[in-house]
There are 2 protein chains.
Amino acid sequence: MLSHKAKYALKALLYLAQQEEGFIAKTMDISQGANIPKKFLEQILLELKRGHFVSSKQGKLGGYYLLKSKNEITLADIHRLFDGAIALLPCASLNFYEPCSDCTTESECSLRLGLLTIRDETLKVMKNITIGSLIKK
Amino acid sequence: MLSHKAKYALKALLYLAQQEEGFIAKTMDISQGANIPKKFLEQILLELKRGHFVSSKQGKLGGYYLLKSKNEITLADIHRLFDGAIALLPCASLNFYEPCSDCTTESECSLRLGLLTIRDETLKVMKNITIGSLIKK
DNA sequence: ATTAACTCTACTAATTATATAGAATTAATT
DNA sequence: AATTAATTCTATATAATTAGTAGAGTTAAT
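Calculation criteria
- Residues numbered from 1 in each chain as written.
- Chains lettered and ligands numbered in written order.
- Predicted model: local features only at pLDDT ≥ 70, side-chain atom pairs only at ≥ 80, totals over all residues.
- Heavy atoms only, no water.
- Least-squares fit on C-alpha atoms with pLDDT ≥ 70 in both.
- Contact = heavy atoms within 4.5 Å.
- Buried area = accessible area lost by both parts, 1.4 Å probe.
- Salt bridge = Lys/Arg side-chain N within 4 Å of Asp/Glu carboxyl O.
- Near = heavy atom within 4 Å.
- Polar contact = N/O pair within 3.5 Å; in protein donor to acceptor, adjacent residues only side chain to side chain.
- Phe/Tyr/Trp six-rings, centres within 6.5 Å; stacked < 30°, edge-to-face > 60°.
- Helix = DSSP H or I, 4+ residues; strand = E, 2+ residues; numbered from the N terminus.
- Buried < 20%, exposed > 50% of the residue type's maximum accessible area, 1.4 Å probe, protein only.

Chain A is annotated in an unreviewed UniProt entry as Rrf2 family transcriptional regulator from Flavobacterium cellulosilyticum.

Right, dumping it as structure tokens:
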């Protein structure tokens, strides 16, 4: 499941992607437009900025805007930024790999092999869903 | 990601599925054989029993054994039993549906529509992975 | 009666999720 | 230069969940 943070991030990105080219949205606009608690949203936007998905302009008349194209921002990206690994166990993860503490023979672990399959399939689907593709639906 | 509970459940089922037909495994056997904390495993086996995946024999010489065929127990089943919804948000879930509190127009929610797609794809893959198929790998 | 297994309920400790608060910084405008 | 309105940063709070432990009770074979 997605955390609220990840869900709010997606909603905020969808909001930004639907503004006119060059428009700069205030946090308050996004908060009201997408129904996200403002102070929580502030943190989320900062994380999206550190992830280079959005950028911001400071001071009066400042705000946020998409840095990447809406078709380049995938569900996989946002999941990884806010909720971490896409794989079902860390031992099967590409970007968040960690060995299981209870596992003695990872290379022969049949559970892990199954989860590698799932990870590849899931990743394929999640990479294919972008902010742009969501708007079209 | 899977919880430890779900991972341990899968490992316990894999252990049981690899015993000889008719063999009854003590909790201690499974705990040692699959490297799972015994007291924690007790709870997990009870949940698996309530889910009708395993059954047990009480008293001395008692223990656990598979109730369903190893090819009928899917990853989707175990995920749902221990970790709940497979969908990325409750509003996109078949078995654990709940509306989003921050959503006003679910039927037009583009995020939800995208997540329905993912859910269907993920489910297809997860239903296809069974205890039996894992052993073969 | 004893032993050795499952069963059940409650509890605990650590972590994570979901925010909120408030001061600091930045930049446009008056 | 002062004011205003925005982002930025750090800290804190609180609630829920996770991961596991403890211990008493029940069952059935010997």
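Colleague: Which residues make up the relation of the copies chain A and chain B, and what values do they have?
Modeller: For the pair chain A and chain B, the superposition axis carries a translation of 0.0 Å, the fit reaches an RMSD of 0.0 Å, and the rotation angle comes to 180°. Both copies of the chain, as the preceding transformation shows, are related through a two-fold rotation axis. In terms of C-alpha distance to the rotation axis, chain A has Thr122(A) as its closest residue, with the C-alpha 3.2 Å off the axis. Of the interface residues in chain A, 100% have counterparts in chain B that sit at the interface too, so the contact is made through matching surfaces.

Colleague: Explain the interface of chain A and chain B to me, and be specific about the residues and the numbers.
Modeller: Often the size quoted for an interface is simply the accessible area lost on bringing the parts together. Counting residues at the interface gives 29 residues for chain A and 29 residues for chain B. Both faces combined, the contact of chain A with chain B buries some 2900 Å², and carbon together with sulfur accounts for 71% of it. When the area that chain A buries against chain B is broken down by residue, the three leading residues are Met1(A), Asp102(A) and Leu111(A), summing to 23%. If you look at where chain A meets chain B, you find four salt bridges.

Colleague: Explain the protein's contact with DNA strand D to me, using residue names and the numbers behind them.
Modeller: Around DNA strand D, a shell composed of 26 residues is seen, among which Lys49(A), Tyr64(A), Lys39(B), Gln43(B) and Gln58(B) lie nearest. Counting only the atoms of DNA strand D that lie within 4 Å of the protein, the sugar and phosphate share comes to 70%. In this structure, Lys26(A) approaches DNA strand D through a side-chain N or O atom, which is 2.8 Å from a phosphate oxygen. Take Tyr64(A): an N or O atom from its side chain is 2.2 Å from a phosphate oxygen of DNA strand D.

Colleague: An account of the packing of aromatic side chains is needed here, citing residue identities and associated values.
Modeller: All names here are of chain A. One pass over the structure, following the stated rule, counts two aromatic pairs over all chains. An angle of 90° between the planes, with centres 5.9 Å apart, marks the rings of Tyr8 and Phe40 as edge-to-face. You can see Tyr8 sitting in helix H1 (residues 4-17) and its partner Phe40 sitting in helix H3 (residues 38-50), a full 32 residues away along the chain. Since its relative accessible area comes to 8%, Tyr8 is described here as buried.

Colleague: Let's hear about unusual backbone geometry: which residues, and what values?
Modeller: Residues and elements named next belong to chain A. For His52, which is not glycine, the phi dihedral falls at a positive 65°. With respect to the secondary-structure elements, His52 resides in the loop between H3 and strand S1 (54-57). Residue His52 is classed as exposed on the basis of its relative accessible area, which comes to 51%.

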